[in-house]
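Here are the chains, one letter per residue:
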Amino acid sequence: MNWYGVKAIYQFEMARWLRTLGQSLAAPVLSTSLYFIVFGTAIGSRMGDVGGVSYGAFIIPGLMMLSILNESIGNASFGIYFPKWSGTVFEILSAPLSWRELLLGYVGAATTKSMLLGCLILATARLFVPYEIQHPLWMLCFLFLTAVSFSLFGFLIGLWAETWERLQTVPLLLITPLTFLGGAFYSIDMLPPLWQKLTLLNPVLYLISGFRWSFYGIADVHVGISVVMIFLFLLVCLLTARWMIVSGYRLKR
Amino acid sequence: MSETTAADSIVAIKGLNKRYANGFVALKSIDLEIRRGEIFALLGPNGAGKTTLINIVCGIVNASAGSVTADGYDTVDQFRQARMRIGLVPQELNTDAFETVWATTRFSRGLFGKPANPAHIEKVLRSLSLWDKKDEKILTLSGGMKRRVLIAKALSHEPTILFLDEPTAGVDVELRHDMWEVVHGLREAGVTIILTTHYIEEAEKMADRVGVILNGEIILVEEKAALMRQLGKRQLALQLNEAMQQIPAELTDLPLELSNEGKTLVYTFNAQGESTGVAELLNRLATQRISFHDLKSSESSLEDIFVNIVRNQR
Ligand SMILES: Nc1ncnc2c1ncn2[C@@H]1O[C@H](COP(=O)(O)OP(=O)(O)OP(=O)(O)O)[C@@H](O)[C@H]1O
Ligand SMILES: [Mg+2]
């Protein structure tokens, strides 16, 4: 293993993030706060409890997921797209790094950032709504798995994208709707039966459901299914990433 | 020239082909061996395939067929061992604008699997006159300075094989001399250097061997000295006291030409030959009572040779 290489990439990515720390952290924290104010406090106070949990607390896991998904994808996709765009990727390609080391460096850094962000949002939420976490270890596991798998997914998007537009539209067109429709703001048994069935096709539902279970012990689908789905997603991303890096697809001419 | 044996070759390229995605064939069955410790100059006009060849060796472009080994390691199957030994200064000035010179050089060393070594980085930066710029963002540097940064990055992990793809393009005289010095120093230290350049005097000055690539084919690989001897011509130009209309019949067996409206008599001879025939020429001119007031001898440069080769192949 080229650990020095992994470390170099990891530090490079973290340094990039630290340079724009304000923007990196303030924006997601601010937007999450706005959600809490609007949905948690203003509207939530007029809503009943969901599954025995106040509405403001109910949406915390979903909101965290929304931010983590966006940040993981945004960060990891930029991390690899930028060197492709600027041409500095030549050095990465010429370095003695296997696909594993490349992923450890880039995806590892993006995961770290997302985890930190997740914790920060959790702390911010405290200012608005009281909540408890029933299964803190599971919560961390879900947080970690989500951060890893979506950082990896973001890395894939960065590898695949050939224009800035594509880099930005995928998260926008895919992730935001999937998160909103994946039960970030409601439990799916509030939906008509047909929509309940359709929602089951949405992978983000499993994330949010599992994550919410770790908080409050309530879930739309069994937590085991959530874990299996996340691992499946992770596996598919991993295999795709390996193939892309080894073959040089969209990396090497 | 002498056969390259496996023992003294450090880079071995066999049957290398490259067809780009758009169907363009940039390399056609390249075979090339680079000897350990030499400076090899790869010459060729724009679009000949120099960068493509270097990029394949370094792992930036996929080959369509063929194989490359670096220090005995296959650059695909044993890419780790192969790439650790290779440093590349690319043709394009691609740098991380927001990083400092120090950070980017350090980064490169780590990337290539070496533990941090500030003393080495300092040495490299100093040798390239970059030391006083070490804390500046690359963004603020001039083009020539960026080129130096790229060289520093390539040297950061102490490679034993160094590829310089047009290292002196757009570089001022002073830096060019600095660079030659750095390159010579590396060679002294045993580093094998492969460079491309459009300044042929540079190849003439630095290279041990020269390869010429044209339309994706290597058309010549030769010791520079031998090349200059074989293909280089020497000329002796005599400034005549009286202009001539034509070469006297008695002298037509000699390789003589008139130029400068008959005022200059040019004698061309092979630089390789033991007897140049100059003594005989002067004797016979005296016999013919042809007198001159000045004479100048000149040698053709590698540039002339190169231009001739490329022209003849087209
Ligand atoms: N990505 C690509 N797709 C298609 N053709 C390419 C690509 N890259 C290079 N080529 C073509 O391959 C040929 C060789 O290019 P290369 O860059 O290797 O030339 P070169 O010898 O380095 O030239 P120069 O002296 O201008 O740097 C050129 O005709 C070029 O147009
Ligand atoms: Mg080139």
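Residues numbered from 1 in each chain as written. Chains lettered and ligands numbered in written order. Predicted model: local features only at pLDDT ≥ 70, side-chain atom pairs only at ≥ 80, totals over all residues. Heavy atoms only, no water.

Student: Please give an account of the overall build of chain A that cites residues and values.
Tutor: Assigned secondary structure in chain A consists of 11 helices and zero strands. When the helices and strands of chain A are read in sequence order from the N terminus, they spell out α-α-α-α-α-α-α-α-α-α-α. For 253 residues, the compact-globule estimate of 2.2 N^0.38 gives 18 Å, and chain A sits close to it at 19 Å. By principal-axis analysis of the C-alpha atoms, chain A measures approximately 60 × 40 × 35 Å. Counting only residues that meet the buried cut, chain A has 55% of its 253 residues in that class. Across chain A, the fraction of contacts at a sequence separation of at least 24, relative to all contacts at a separation of at least 6, is 81%. Summing over all exposed atoms, chain A offers an accessible surface of approximately 11,200 Å²; the carbon and sulfur share of this is 71%. For chain A, the centre of its 15 positive side-chain charges and the centre of its 10 negative side-chain charges are spaced 7 Å apart. (Helix = DSSP H or I, 4+ residues; strand = E, 2+ residues; numbered from the N terminus. Rg over C-alpha atoms; globule rule 2.2 N^0.38 Å. Buried < 20%, exposed > 50% of the residue type's maximum accessible area, 1.4 Å probe, protein only. Contact = heavy atoms within 4.5 Å. Areas by Shrake-Rupley, 256 points an atom, 1.4 Å probe, with all protein chains shown as cover. Lys, Arg positive; Asp, Glu negative; His and termini not counted. Charge placed at Lys NZ, Arg CZ, Asp CG, Glu CD.)

Student: Let's hear about the site of ligand 1: which residues, and what values?
Tutor: Gly47, Lys50, Thr51, Thr52 and Gln91 of chain B are the nearest of the 16 residues found near ligand 1. In this structure, ligand 1 is bordered by residues of chains A and B. A distance of 3.2 Å separates an oxygen atom of ligand 1 from a polar atom in the backbone of alanine 48 of chain B. Separating an oxygen atom of ligand 1 from a side-chain N or O atom of glutamine 91 of chain B is a distance of 2.8 Å. Against a free-state accessible area of 640 Å², the protein chains account for coverage of 72% of ligand 1. Considering every element that reaches the shell around ligand 1, the biggest residue donor is helix 1 (residues 50–58) of chain B, with three residues. (Near = heavy atom within 4 Å. Polar contact = N/O pair within 3.5 Å; in protein donor to acceptor, adjacent residues only side chain to side chain.)

Student: A description of the coordination of the magnesium ion (ligand 2) should follow, citing residues and the corresponding values.
Tutor: Coordination of the magnesium ion (ligand 2) by the protein comes from Thr51 of chain B (OG1) and Gln91 of chain B (OE1), over a distance range of 1.9 to 2.1 Å. Of this pair, threonine 51 of chain B sits in helix 1 while glutamine 91 of chain B sits in the loop between strand 6 (86–89) and helix 3 (101–111); the two residues are 40 residues apart in sequence, bridging distant segments of the chain. (Donors = N, O, S within 2.8 Å, 3.2 Å for Na, K, Ca; no water.)

Student: Kindly report on the sheet that holds strand 13 (residues 264–270) of chain B, identifying the contributing residues and their values.
Tutor: Residues and elements named next belong to chain B. Pairing within the open sheet is antiparallel, and its four strands lie in the order 12-13-11-14. With one partner strand each, in any of the chains shown, strand 12 (256–259) and strand 14 (292–299) form the two edges of the open sheet. On average, each strand axis in the sheet is inclined to that of its neighbour by 25°, with strand direction left out of account. Pairing analysis gives seven bridges linking strand 11 (residues 233–240) to strand 14, with the strands arranged antiparallel. For arginine 234, the partnering residue across the bridge sits in strand 14 and is glutamate 299. (Pairing = 2+ DSSP bridges. Axes fitted to C-alpha atoms, helices over the stretch in contact; angles between N-to-C directions.)

Student: Lay out the packing of helix 4 (residues 60–86) of chain A against helix 6 (residues 99–128) of chain A with the relevant residues and their values.
Tutor: Residue and element names in this part refer to chain A. As a packed pair, helix 4 and helix 6 sit with axes 9 Å apart at the nearest point and diverge in direction by 150°. Our classification of the angle between helix 4 and helix 6 gives roughly antiparallel. The two elements helix 4 and helix 6 cross, and the hand of that crossing is right-handed. On helix 6, the residues touching Ile60, Met64, Ser67, Ile68, Glu71, Ser72, Asn75, Ala76, Gly79, Ile80 and Pro83 of helix 4 are Tyr106, Ala110, Lys113, Ser114, Leu117, Gly118, Ile121, Leu122 and Ala125. (Parallel < 35°, antiparallel > 145°, perpendicular 65-115°, else oblique. Left-handed = near helix turned anticlockwise from the far one by under 90°.)

Student: For the domain arrangement of chain B, give the residues involved together with the corresponding values.
Tutor: By convention, interface size is frequently given as the accessible area that disappears when the constituent parts associate. Residue and element names in this part refer to chain B. As assigned here, chain B comprises domain 1 (1–85 + 194–231) and domain 2 (233–313). Contact with domain 1, which involves 16 residues of that partner, is made by 13 residues of domain 2. For the pair domain 1 and domain 2, the number of links is zero salt bridges. For the pair domain 1 and domain 2, the interface holds zero residue pairs in polar contact (both at pLDDT 80 or more). Listing elements by their share of the side of domain 1 that touches domain 2, those giving two or more residues are helix 7 (200–206), strand 9 (209–214), strand 10 (217–223) and helix 8 (224–231). Sort the elements by how many residues they give to the side of domain 1 that touches domain 2 and helix 8 lands first, with five residues. Split by residue class, the side of domain 1 that touches domain 2 holds 12 nonpolar, two polar and two charged. (Domains from an automatic or database assignment. Salt bridge = Lys/Arg side-chain N within 4 Å of Asp/Glu carboxyl O. Nonpolar A, V, L, I, M, F, W, Y, C, P; charged D, E, K, R; others polar.)

Student: I'd like a rundown of the packing of aromatic side chains, residues and numbers included.
Tutor: In the structure shown here, the tally under the stated rule is 23 aromatic pairs over all chains. Relative to phenylalanine 185 of chain A, the ring of phenylalanine 180 of chain A has its centre 5.2 Å away and its plane inclined at 40°; by these criteria the two rings are tilted. Every member of this aromatic cluster is reached through a ring pair, and the members are Phe78, Tyr81, Phe82, Trp85 and Trp164 of chain A. The residue whose ring lies beneath arginine 126 of chain A is tyrosine 131 of chain A, and the NZ or CZ to ring-centre distance is 4.6 Å. When the ring centre of tyrosine 199 of chain B is taken as origin, the NZ or CZ atom of arginine 176 of chain B, which lies over that ring, is 4.1 Å away. (Phe/Tyr/Trp six-rings, centres within 6.5 Å; stacked < 30°, edge-to-face > 60°. Lys NZ or Arg CZ within 6 Å of the ring centre and 35° of its normal.)

Student: Before we move on, can you summarise the confidence of the model for chain B with the specific residues and values?
Tutor: When pLDDT is low, close inspection of the predicted coordinates is not appropriate. All names here are of chain B. Confidence in the prediction for chain B averages 90 pLDDT; 96% of positions are at 70 or higher. Segment residues 1–6: pLDDT under 50, and 10 contacts once partners within four positions in sequence are set aside and those in other chains are kept. Here the predicted complex scores 0.88 on pTM and 0.90 on ipTM. (pLDDT = per-residue confidence, 0-100.)

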